[in-house]
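Results of the structural survey
As a plain string of letters, each chain reads:
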Amino acid sequence: GAVVSQHPSRVICKSGTSVKIECRSLDFQATTMFWYRQFPKQSLMLMATSNEGSKATYEQGVEKDKFLINHASLTLSTLTVTSAHPEDSSFYICSARPGLTNEQFFGPGTRLTVL
Amino acid sequence: KQEVTQIPAALSVPEGENLVLNCSFTDSAIYNLQWFRQDPGKGLTSLLLIQSSQREQTSGRLNASLDKSSGRSTLYIAASQPGDSATYLCAVRGYSTLTFGKGTMLLVSP
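Residues numbered from 1 in each chain as written. Chains lettered and ligands numbered in written order. Predicted model: local features only at pLDDT ≥ 70, side-chain atom pairs only at ≥ 80, totals over all residues. Heavy atoms only, no water.

Some words on the nonpolar core
Residues A:W35, A:F67, A:L79, A:Y92 and A:L112 are the most contacted members of the largest nonpolar core, which totals 24 residues. If you list the elements that add at least two residues to this core, you get β2 (10-13), β3 (19-25), β4 (30-38), β5 (44-51), β7 (67-73), β8 (76-81), β9 (90-98) and β11 (110-114) of chain A. B:I30, B:L33, B:W35 and B:V92 belong to the second-largest nonpolar core, a separate cluster that totals 22 residues. (Core = buried A, V, L, I, M, F, W, Y, C linked by side-chain atoms within 4.5 Å. Buried < 20%, exposed > 50% of the residue type's maximum accessible area, 1.4 Å probe, protein only. Helix = DSSP H or I, 4+ residues; strand = E, 2+ residues; numbered from the N terminus.)

Let's talk about the sheet that holds β3(A)
Residues and elements named next belong to chain A. The strand order β1-β3-β8-β7 describes an open sheet built from 4 strands, whose pairing is antiparallel. Two strands bound the open sheet, and with one partner strand each, they are β1 (4-7) and β7. Between one strand and the next, the sheet's axes are offset by a mean angle of 15 degrees, whatever the strand orientation. Where β3 meets β8, 6 bridges bridge the pair, whose relative direction is antiparallel. Across the sheet, residue R24 finds its bridge partner in β8, namely L76. (Pairing = 2+ DSSP bridges. Axes fitted to C-alpha atoms, helices over the stretch in contact; angles between N-to-C directions.)

What about the packing of aromatic side chains?
Applying the stated criterion across every chain yields a total of 7 aromatic pairs over all chains. Ring centres of A:Y36 and B:F100 lie 5.7 Å apart, and the angle between their planes is 85 degrees; on these two criteria the pair is classed as edge-to-face. Pair noted here: A:Y36 is in strand β4 and B:F100 is in strand β10 (residues 98-100), and the two residues belong to different chains. The class for A:Y36 is buried, based on a relative accessible area of 0%. Here the aromatic rings of A:F106 and B:F36 are separated by 5.2 Å at their centres, their planes lie at 80 degrees, and the arrangement is edge-to-face. Of the two residues, A:F106 sits in strand β10 (residues 105-106) while B:F36 sits in strand β4 (residues 32-38), which places them in two different chains. Among the residues examined, A:F106 registers a relative accessible area of 10% and is labelled buried. (Phe/Tyr/Trp six-rings, centres within 6.5 Å; stacked < 30°, edge-to-face > 60°.)

With respect to the interface of chain A and chain B
With 17 residues of chain A in contact, the opposing surface of chain B contributes 19 residues. Of the roughly 1,400 Å² buried between chain A and chain B, counting both surfaces, carbon and sulfur atoms make up 52%. Ranking the residues of chain A by area buried against chain B places A:S43, A:N102 and A:F106 at the top, with a combined share of 34%. Seen at the junction of chain A and chain B, the total is 0 salt bridges. Our count for the contact surface shared by chain A and chain B stands at 4 residue pairs in polar contact (both at pLDDT 80 or more). (Contact = heavy atoms within 4.5 Å. Buried area = accessible area lost by both parts, 1.4 Å probe. Salt bridge = Lys/Arg side-chain N within 4 Å of Asp/Glu carboxyl O. Polar contact = N/O pair within 3.5 Å; in protein donor to acceptor, adjacent residues only side chain to side chain.)

Some thoughts on unusual backbone geometry
The linkage connecting A:H7 with the following residue, A:P8, adopts the cis geometry, with an omega of 0 degrees. Residue placement: A:P8 occurs in the loop between β1 and β2. With an omega of -5 degrees, the peptide bond running from B:I7 to B:P8 counts as cis. Mapped onto the elements, B:P8 comes out in the loop between β1 (4-7) and β2 (10-14). Phi at A:K41 takes a positive value of approximately 60 degrees, unusual for a residue other than glycine. Within the secondary structure, A:K41 sits in the loop between β4 and β5. We note that A:S83 has phi near 45 degrees; this positive angle belongs to a residue other than glycine. Judged by its relative accessible area of 35%, A:S83 falls in the partly exposed class.

What follows is the structure in structure tokens.
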């Protein structure tokens, strides 16, 4: 149980285009979802936290107009990187937390490469 | 602001050795601490979760301890195997967020 999927697993896009990444909780309802970014040999950095049906809360330094997060249902959250640039190339990992528990379950990650 | 430090950054050992990975954190007001494994280019696999009221957790060849007052945790791996090669991440949960260390990259050679 407690499986989180991400799609796509890998995406390459041209500079200036937008990319959407999906995160799904497959066997539980996720009231809260988290988006992280990980640069090579660095730790996971939290970008934003989203609760179903409400606006996401972004961490300091993360542009909300560039990284659009939608958490429209209890099993799906999407991250859209708008007008992507090479510096946005990174590994994006989502995480989901069921109900009021303290445990988070992580997706397999999406490798974004912006040319 | 919580800071999590993992030592060493990288470790290379021959197969069969017992080893210890260290994690320290600056704010002892935590709910729990979790150890993850991350294979190259992959997501996270949860290994052990220790609640703040607990001292240790065990799963197979893995044992994690927690000393909340001193802000330390260790992950002990017994009889290491080449399949244990991965990056091991420590993460502490505060009021609302999970803060990660940079990880220890482990290589176990046959």
